[in-house]
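Summary of the model geometry
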Amino acid sequence: MQALIPVEQALQQLLAMMPVPRDVEMVALEHALGRVLAQSLTVAVDVPPEANSSMDGYAVRCEDLSEAEVLPISQRIPAGTAPEPLQPGTAARIFTGAPIPAGADAVVMQEEAIADDQGVRFTAAVRPGQNIRPQGQDLRAGESLLSSGSKLSAQAMGVLASAGVERVQVYRPPRVALLSTGDELVHPGQPLAPGQIYDSNRYLLTGLLQQAGVSSIRSYHVADTAAATAEVLSAAAAECDLILSSGGVSVGEEDHVRRQVEALGALQIWRINIKPGKPFAAGQVAGTPFIGLPGNPASSLVTFYLLALPALQRLQGMTYQPVSGWQLPAGFSRERPTGRDEYLRVRVDGGSLVPQGNQSSGVLSNALQAAGLARVPAGTCVELGQPLEFLPFSLLSG
Ligand code: AMP
Ligand code: MG
């Protein structure tokens, strides 16, 4: 049997297999969360468009304060109005967010002012520029804002709105076929007959796909026969942009997925040097990219994060950015070196990484408490306090 492929090499191969999306559409900004920009955006207007007051108070010209103790109030400027130029020797009543009148060079906050019928006087020294937010303080017209391939966050939606962007051009999101394979699987809600288990991967992977911004998911259950596997793979290839399966890629004779992918397309990656997740497979079925995650739920979780998610991001049109974790000290030790790169489900306890519960690939429940994955490189032991790479689930969720 061929040697196990290092995970970094498998990832590069997998990324090269993913086509970038061709179809684009315009969407209203309010519907753009999680979508990937198919255009680069530059700022059209200064933000803020005019200098404005950061306080409720009085707009003045500092020069006038050396000549007069009390300044008469010549105008009132609420937010949303356009002021007259400031008459020399006067103050303007002004409110937070209102434009600074021409000629004024400072705003005195109302807590430092005493106003009466005569006008206003100030109880503290006044510096030029104080309490004024300059025009373009946040963004300058012409500045580049976001490049094509950026995934839009809530923050990005706010920033784009501040610059007056109403609609954005984004890629059409990929449609994903999600295949659960195995005669033992039944849906939650059904009674379990002897030999059966609930199909947890369907829900795990549906959630992970949704977190990654995929809303078009077509789920299939595939029986453990060559014919059923071939039929579903062909239908999925015709309808979707990516086939994501779990199970059926190991070495047993009931593992039909790998062989049917070879029959209908090609298998380009199979078996990688990680634990859990060794049987990971990838290729294409009738030209549609195929990713085969192992059936064990923890293996599905780990290989989704490490391999399927970056591939999916490429399919979504995102610019690939390698995820670099943080180095955190091991809160445990291990004397026996592992043969493969091992990804432990860990929690962070007092700043150190601690394996969460049973690390068997059949155990998923520890992922409830785990904060992410810790990588123990192949061939290494772990000493207490030794730095390990920590990949938080939040960083990986795309
Ligand atoms: P396989 O690679 O198909 O031999 O599956 C490996 C292990 O994962 C077996 O114990 C399967 O029962 C289990 N498994 C496969 N698919 C699922 C699934 N969708 N949900 C839960 N467990 C699964
Ligand atoms: Mg199976």
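Brief notes about the overall build of the protein
Summing up its helical and strand segments, the protein has eight helices and 26 strands in all. Here the C-alpha radius of gyration of the protein, 30 Å, is well above what a compact globule of 398 residues would show, namely 21 Å. C-alpha extents for the protein along the principal axes are approximately 95 × 50 × 40 Å. Out of the 398 residues in the protein, the part that is buried amounts to 46%.

So, the sheet that holds strand S7 (residues 106-109)
Pairing is mixed in the open sheet, where four strands are placed in the order S5-S6-S4-S7. Of all strands in the sheet, those bounded by a partner on one side alone are strand S5 (73-77) and S7. The sheet shows a mean angle of 30° between the axes of neighbouring strands, taken without regard to direction. Note: strand S4 (residues 57-60) against strand S6 (residues 91-94), three bridges, orientation antiparallel.

Some words on the packing of aromatic side chains
What the rule picks out here adds up to four aromatic pairs. Taking 5.9 Å as the distance between ring centres and 65° as the angle between the ring planes, the aromatic pair formed by Trp 326 and Phe 390 counts as edge-to-face. Of this pair, Trp 326 sits in strand S22 (residues 326-329) while Phe 390 sits in strand S26 (residues 387-392), and the two are 64 residues apart along the sequence. Put simply, the rings of Phe 304, Tyr 305 and Phe 393 touch in pairs and so form one group of aromatic residues. The side chain of Arg 258 reaches across the aromatic face of Trp 270, ending 3.9 Å from its centre. Just above the ring of Trp 270 sits the side chain of Arg 271; from NZ or CZ to the centre is 5.4 Å.

Comments concerning the environment of Ala 298
Its location among the elements puts Ala 298 in helix H7 (residues 297-316). Using a relative accessible area of 0% as the deciding quantity, one classes Ala 298 as buried. Separated by 97 residues in the primary sequence, Ala 298 and Asn 201 place their C-alpha atoms 9.3 Å from one another. Excluding anything up to four places from it in sequence, Ala 298 contacts Pro 276, Arg 345, Ser 360, Ser 361 and Val 363.

Thoughts on the nonpolar core
Ranked by internal contacts, the top residues of the largest apolar core, which has 41 residues, are Leu 14, Leu 244, Ile 269, Phe 280, Ile 291, Phe 304 and Leu 307. Contributing elements (two or more residues each) for this core: helix H1 (7-17), strand S13 (176-181), helix H4 (200-211), strand S17 (242-246), strand S21 (288-293) and H7. Residues within four places of Phe 280 in sequence aside, it is in contact with Leu 14, Ile 269, Trp 270, Arg 271, Ile 272, Ile 291, Gly 292, Leu 293, Pro 294, Thr 303 and Leu 307. Counting residues in each nonpolar core, the second largest holds 18 residues, with Val 257, Trp 270, Val 285 and Phe 290 among its members.

Remarks on the sheet that holds strand S20 (residues 281-285)
The mixed open sheet is built from six strands, whose spatial order is S16-S13-S17-S21-S20-S18. Only two strands of the sheet have a single neighbouring strand rather than two, namely strand S16 (217-222) and strand S18 (265-270). Direction aside, the axes of adjacent strands within the sheet are offset by 20° on average. Bridge count for S13 against S16 is six bridges, and the pairing is parallel. Bridge pairing in S16 places Val 176 opposite Ile 217. H1 contacts S18, S20 and S21 of the sheet and is inclined by roughly 155° relative to S18. Contacts from helix H6 (residues 256-264) reach S13, S17, S18, S20 and S21, with the element oriented near 130° to S18.

A closer look at the packing of H1 against H7
Look at H1 against H7: their axes get within 9 Å of each other, and the N-to-C directions meet at 25°. Here H1 lies roughly parallel to H7, going by the angle between them. Crossing of H1 against H7: the hand is right-handed. Between H1, through Val 7, Ala 10, Leu 11, Leu 14 and Leu 15, and H7, the contact on the second element is made entirely by Leu 306, Leu 307, Pro 310, Ala 311 and Arg 314.

Some remarks on the pairing of S21
Counting buried residues along S21, six of its six residues qualify, which places the element largely inside the surrounding structure. Residue alternation in S21 divides its side chains into two sets, Thr 288, Phe 290 and Gly 292 and Pro 289, Ile 291 and Leu 293, and both sets are buried. Here four bridges tie S17 to S21, and the two strands are oriented parallel to one another. Bridged to Ser 246 within S21 is Leu 293. Bridge analysis of S20 against S21 gives five bridges, and the strand direction is antiparallel. Among the inter-strand pairings, Val 285 is bridged to a residue of S21, identified as Thr 288.

The rules we used
Residues numbered from 1 in each chain as written. Chains lettered and ligands numbered in written order. Predicted model: local features only at pLDDT ≥ 70, side-chain atom pairs only at ≥ 80, totals over all residues. Heavy atoms only, no water. Helix = DSSP H or I, 4+ residues; strand = E, 2+ residues; numbered from the N terminus. Rg over C-alpha atoms; globule rule 2.2 N^0.38 Å. Buried < 20%, exposed > 50% of the residue type's maximum accessible area, 1.4 Å probe, protein only. Pairing = 2+ DSSP bridges. Axes fitted to C-alpha atoms, helices over the stretch in contact; angles between N-to-C directions. Phe/Tyr/Trp six-rings, centres within 6.5 Å; stacked < 30°, edge-to-face > 60°. Lys NZ or Arg CZ within 6 Å of the ring centre and 35° of its normal. Contact = heavy atoms within 4.5 Å. Core = buried A, V, L, I, M, F, W, Y, C linked by side-chain atoms within 4.5 Å. Parallel < 35°, antiparallel > 145°, perpendicular 65-115°, else oblique. Left-handed = near helix turned anticlockwise from the far one by under 90°.

These figures capture arrangement, not role.
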